[in-house]
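One letter stands for each residue in the lines below.
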Amino acid sequence: HEAILKTVLGDFYAQDKHYGSAYLGDQCFDSETKVDVISPNTGQKFVSISHAQPDVIENVINSAKTEFYHWRSVPAPQRGELVRLFAEKARAAKHQLATIISLESGKPFQESLGEVQELIDVCDFAVGLSRQLYGLTIATERPNHRMMEQWHPIGPVVIITAFNFPMAVWAWNATLSLICGNSIIWKPSSQTPLSALACHRLLLSAIKKFGGNAELSSIVFGEKTQVEQLVDHKDIALVSATGSCAMGRAVNCRVAARLGRTLLELGGNNAMIVCPSADLELAIRAITFSALGTSGQRCTTLRRLIVHSSLKYQVLTKLEAIYNTVSIGDPFDGLNLMGPLINQQAIDSMKVSINTAISQGGKLITGGERVSNLSNKGKEEHGFYITPAIVDIDPQADIVQQETFAPLLYVHSYDSLDQAIAIQNSVCQGLSSAIFTKDMAEAEIFVSAKGSDCGLVNVNMGTSGAEIGGAFGGEKDTGGGRESGSDAWKSYMRRMTNTINYGSELPLAQGINFDM
Ligand code: NAD
């Protein structure tokens, strides 16, 4: 793995495993602070990073602003060419990039390959989009006038990302920002600094080949203090933040105080309804992938299963059997479906949630036990492995409101579809939802205005595994943002309405007479 890091990180590779605090284009800055990054796979120190100092952050923002003034005038299809060059490099480095994701986040390697594919897919989408940043032409009520919309670049974009999709979420934001004419500053999760550095370096080499300026892309490492300085800055045109609802609330309040723009992709508390007519075999497969994929650490992970009471026993029995045999361990071993959780805190919070659920009347069906793993030298290591859990609980229990970012599935039962939809919509978050039914009316009701209140609503498939072509995001405490496909690009631009008078009169709108 060290050889892969050396190749992908190039000049940024640190022999002593200590990385900088900020990367402004191709310059690296360091600071006194030294923060260890612990590998979720082994529980051992992986690398260390520093946190950026205020003067460095100011420098990064000023450079991003200066570069924005240049980049905004490069024609959009040419900006697309830069993203195409980046995608070429990402395609060639797919396995290496996936290795870095699995090393840092503990994501099973197959899923890491999928994440890099998602990064490549969104590049392709953005390249096409770079010729389609359309505005409307609107009929005007005034003679000899033309009214039209134009979309223009907005300015430097700060991209804050979470540990669980350390490359794809940046790619959603970075590729659209770049084709829209904006410079980018990335504040990645402190758990996954090398994923960020690897993408940044590939982008820099694409920028070099393109003939652009390295200052188009920067990275700032840090936590609350560094994020606050970035998001408070008046020159940051858009803060795109992905992470927990608590982080989103903190960031949103600060940006709102300066009347800035945010794009929020926050926590989920996703549910699936299983109806009496459901194809149970398909439903069980969908539940298993949605609940256990990425070890229960996807924003779209299935957290609540709402099963018709006639099927509850059958579904629980099947799930219990699967949960008890699921293979957990080294994410690089293709036989393992689940890797570790991200850190000790994640293990602790899963255990606390299980205990709280039990104290609120829930019944633990299975799971929640720590699993130890053996290193390839046969030594016991303390990666953060735990068995996935199922708790049978009343949907009214307080704990069900919370997103526990771990493989913990709550199971509820229902008797009427109205009741099931009410349970599905009863939490604060509104990201992803699903229904399994063969009854067309039930499926249509679920996707109708009186159905699910989420941003992602699926029929006969699970809650996770979205494609990049659709707009991704959710309602309520999930933050309301939409990223990736459809017309999500509009969030990265400013809309200008132009009205042009090509006549020799000055008619006023609404028929107002103002003759002098
Ligand atoms: P997190 O909120 O702990 O961290 C996310 C980012 O915000 C990191 O870069 C972190 O350094 C920063 N941050 C954290 N607390 C902060 C604070 N108080 N002030 C400023 N910055 C702060 O999230 P995580 O543990 O990395 O990721 C898991 C969470 O992310 C889950 O809630 C998950 O649902 C959510 N998520 C959402 C989406 C989505 O698209 N909706 C995608 C991925 C993850």
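Residues numbered from 1 in each chain as written. Predicted model: local features only at pLDDT ≥ 70, side-chain atom pairs only at ≥ 80, totals over all residues.

### Some details on the site of the ligand
Part 1 of the reasoning: Neighbouring residues of the ligand: 28 residues in total, closest Ala-162, Gly-243, Ser-244, Glu-265 and Cys-299.
Part 2 of the reasoning: Put simply, the parts of the chain that give the shell around the ligand at least two residues each are helix H8 (224-232) and helix H9 (245-257).
Part 3 of the reasoning: By residue number, the principal contributor to the shell around the ligand is H9, which donates three residues.
Part 4 of the reasoning: Grouping the amino acids of the shell around the ligand by side-chain chemistry returns 13 nonpolar, 10 polar and five charged. (Near = placed C-beta within 6 Å. Helix = DSSP H or I, 4+ residues; strand = E, 2+ residues; numbered from the N terminus. Nonpolar A, V, L, I, M, F, W, Y, C, P; charged D, E, K, R; others polar.)

### Notes on the confidence of the model for the chain
Part 1 of the reasoning: In this model, the chain carries an average pLDDT of 97, and 98% of its residues clear a pLDDT of 70 or more.
Part 2 of the reasoning: The weakest mean pLDDT in the chain belongs to strand E15 (residues 370-374) at 78; the strongest belongs to strand E7 (residues 157-160) at 99. (pLDDT = per-residue confidence, 0-100.)

### Comments concerning the nonpolar core
Part 1 of the reasoning: The biggest cluster of nonpolar side chains holds 145 residues, and the ones touching the most others in it are Phe-86, Leu-97, Cys-123, Met-167, Met-272 and Val-274.
Part 2 of the reasoning: It is helix H7 (residues 193-210) that provides the largest number of residues to this core, a total of 10 residues.
Part 3 of the reasoning: The contact partners of Met-167, leaving out residues within four places of it in the chain, are Leu-97, Ile-101, Glu-115, Val-116, Leu-119, Ser-195 and Cys-199.
Part 4 of the reasoning: Counting residues in hydrophobic clusters, the runner-up holds six residues, among them Cys-299, Leu-431, Leu-456 and Phe-472. (Core = buried A, V, L, I, M, F, W, Y, C linked by C-beta atoms within 7 Å. Buried ≥ 20, exposed ≤ 12 C-beta atoms within 10 Å, placed from the backbone. Contact = placed C-beta atoms within 7 Å.)

### Quick look at H7
Part 1 of the reasoning: With 18 residues, H7 extends 25 Å between its outermost C-alpha atoms, agreeing within 8% with the 26 Å of an ideal straight helix rising 1.5 Å per residue.
Part 2 of the reasoning: The buried fraction of H7 amounts to 14 of the 18 residues, a majority that puts the element mostly inside the structure.
Part 3 of the reasoning: Positive backbone phi, at 90 degrees, marks Gly-211, one or two positions downstream of H7. (Expected span 1.5 Å × (residues − 1).)

### Comments concerning unusual backbone geometry
Part 1 of the reasoning: Here Leu-259, not a glycine, exhibits a phi torsion of approximately 55 degrees, which is positive.
Part 2 of the reasoning: Of note, Leu-259 is situated in the loop between H9 and strand E11 (261-265).
Part 3 of the reasoning: Judged by the 7 C-beta atoms lying within 10 Å of it, Leu-259 is exposed.
Part 4 of the reasoning: Phi is positive for Lys-476, close to 55 degrees, though the residue is something other than glycine.

### Side note on the sheet that holds strand E25 (residues 493-501)
Part 1 of the reasoning: The sheet built from three strands is open, its strands ordered E5-E6-E25 with antiparallel pairing. Both edges of this open sheet fall to strand E5 (137-138) and E25, since each of them pairs with a single strand only.
Part 2 of the reasoning: In this structure, strand E6 (residues 145-153) lies alongside E25, joined through nine bridges in antiparallel fashion. From the neighbouring strand, Glu-149 faces E25, where its bridge partner is Thr-497. (Pairing = 2+ DSSP bridges.)

### Overview of the UniProt feature "active site" (unreviewed entry) in the chain
Part 1 of the reasoning: Cross-referencing UniProt, the feature "active site" (unreviewed entry) maps to Glu-265 in the present numbering.
Part 2 of the reasoning: With respect to the element layout, Glu-265 can be found in strand E11.
Part 3 of the reasoning: C-beta crowding within 10 Å serves as the criterion here: with 30 such atoms nearby, Glu-265 is assigned to the buried category.
Part 4 of the reasoning: Once residues lying within four places of it in the same chain are set aside, the contact partners of Glu-265 are Thr-242, Gly-473, Gly-479, Gly-481 and Glu-483. (UniProt positions renumbered as here; feature names shortened; annotations may be inferred.)

### A few points about the sheet that holds E11
Part 1 of the reasoning: Read across the open sheet, the seven strands follow the order E2-E1-E9-E8-E7-E10-E11; overall the sheet is mixed. Edge positions in the sheet fall to strand E2 (27-29) and E11, since each of these pairs with one other strand and no more. Going across the sheet, the axis of each strand differs from the next one's by a mean of 20 degrees, ignoring polarity.
Part 2 of the reasoning: Sheet topology places strand E1 (residues 22-24) next to strand E9 (residues 217-220); three bridges connect them, and they run antiparallel. Looking at the pairing, Ala-22 lines up with Val-220 of E9.
Part 3 of the reasoning: Helix-sheet contacts for H7 involve E1, strand E8 (184-187) and E9, and the interaxial angle to E9 is about 165 degrees. (Axes fitted to C-alpha atoms, helices over the stretch in contact; angles between N-to-C directions.)

### Side note on helix H13 (residues 417-424)
Part 1 of the reasoning: Those residues of H13 not exposed but buried are Ala-420, Ile-421, Ile-423 and Gln-424. Down the axis of H13, the buried side of the element spans an arc of 160 degrees, and every buried residue falls inside it.
Part 2 of the reasoning: The inward-facing, buried residues of H13 abut strand E12 (270-274), strand E13 (302-308), strand E18 (408-414), strand E20 (432-436) and helix H14 (440-447). (Arc of directions from axis to C-beta.)

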